[in-house]
Amino acid sequence: MTLFSVAGKTVVVTGGSRGIGRMIASGFLDAGATVYISARKKSELDAAAEELGCVAVQADLSTAEGVAALVEAVSARESRLDVLVNNAGATWGAPLAEYPESAFDKLWNINVKGVFYLTQQFLPLLRAAAGPEDPARVINIGSVDGLRVPAMENYAYSAAKAGVHMLTRHLAQRLARESITVNAIAPGPFESKMMAFALDDPATRGAIESHVPLGRIGRPDDMAGAAVFLASRAGAYLTGAVIPVDGGLSTGG
């Protein structure tokens, strides 16, 4: 199974204390990787790190100080970084007439700027891990809402996630010459704090599942499997891809 092995790799997962980030971190740990997770809330972060068996670094990646703190913490312990998973993000829903400017500022800072500048500042460690036969990997977490117009009025979120997809392609083209691949996963509905308002209500959950061609909400292994694939030898020839992990939702079925 060496084709799909990530054993011994060093991985950073932002927003790794819950939801999709935790699913990905757990998948890498189960596959034998060394994992660092970051989040803003120290109590949740420390609890998750203890439960998972990984390293916690508190950081607010919507700020330059938070980005620097995470990079410095990992650099103090590691000489290379094999995989960076840019998962940290936020959402904001409100009717069109009431949608605040602050939503665009907040979501742009964490969902797009944070992805760009964290990748930029981790480049020395990514370059140290990169090689033609086994590139270093950057995996950005976009969204199916960045591929199609969602039912919910989350204007800034959808726009920011579409930005993540284009940023992924842009970075992929630039960094390919350095043996660093950059791909994005566009999740559909998964169990997370962002989706709890909908999935915790049985009627709403059923309505969402009815629009997913595969008829269900995503499971932790669905997300972990996609990330591990992209980080393994099996995914070494992919770069600039945006992969929907959404049960077929983005097909419009």
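Naming follows an unreviewed UniProt entry, where the protein appears as 3-oxoacyl-ACP reductase of Acrocarpospora phusangensis. The Sequence similarities (unreviewed entry) comment attached to the protein in UniProt states, word for word, "Belongs to the short-chain dehydrogenases/reductases (SDR) family."

Undergrad: How should I be thinking about helix H5 (residues 155-175) in this particular structure?
TA: One full turn of an α-helix is made of 3.6 residues, so residues set three or four places apart face in the same direction. Along its 21 residues, H5 runs 30 Å from first to last C-alpha, staying within 8% of the 30 Å computed at 1.5 Å per residue. Regarding H5, the residues found buried are Ala 156, Tyr 157, Ser 158, Ala 160, Lys 161, Val 164, His 165, Leu 167, Thr 168, Leu 171, Ala 172 and Leu 175.

Undergrad: How do you make sense of the pattern of salt bridges when you look at a structure like this?
TA: Note that side chains of opposite charge can pair when their charged atoms are close. Following the criterion strictly, the structure yields ten salt bridges and no others. The salt bridge partner of Glu 178 is Arg 174, with a shortest N-O separation of 2.8 Å. Residue Glu 178 is classed as partly exposed on the basis of its relative accessible area of 22%. Ionic contacts of the salt-bridge type, sharing partners, join the residues Lys 9, Asp 134 and Arg 137 into one network.

Undergrad: For this particular structure, what's the right way to read the packing of aromatic side chains?
TA: A ring pair, where both rings are aromatic, is described by two values, the distance of the centres and the angle of the planes. Applying the stated criterion across every chain, the model contains three aromatic pairs. Ring centres of Tyr 99 and Phe 104 lie 5.7 Å apart, and the angle between their planes is 70°; on these two criteria the pair is classed as edge-to-face. Residue class for Tyr 99 comes out buried when judged on its relative accessible area of 14%. On the basis of an interplanar angle of 90° and a centroid distance of 5.3 Å, the ring pair of Tyr 99 and Tyr 155 is categorised as edge-to-face. Highlighted residues: Tyr 99 in the loop between strand E4 (83-86) and helix H4 (101-129) and Tyr 155 in helix H5, separated in sequence by 56 residues. Site record: aromatic cluster; members linked through ring pairs are Tyr 99, Phe 104 and Tyr 155.

Thresholds, definitions, all that
- Residues numbered from 1 in each chain as written.
- Predicted model: local features only at pLDDT ≥ 70, side-chain atom pairs only at ≥ 80, totals over all residues.
- Heavy atoms only, no water.
- UniProt positions renumbered as here; feature names shortened; annotations may be inferred.
- Helix = DSSP H or I, 4+ residues; strand = E, 2+ residues; numbered from the N terminus.
- Expected span 1.5 Å × (residues − 1).
- Buried < 20%, exposed > 50% of the residue type's maximum accessible area, 1.4 Å probe, protein only.
- Salt bridge = Lys/Arg side-chain N within 4 Å of Asp/Glu carboxyl O.
- Phe/Tyr/Trp six-rings, centres within 6.5 Å; stacked < 30°, edge-to-face > 60°.

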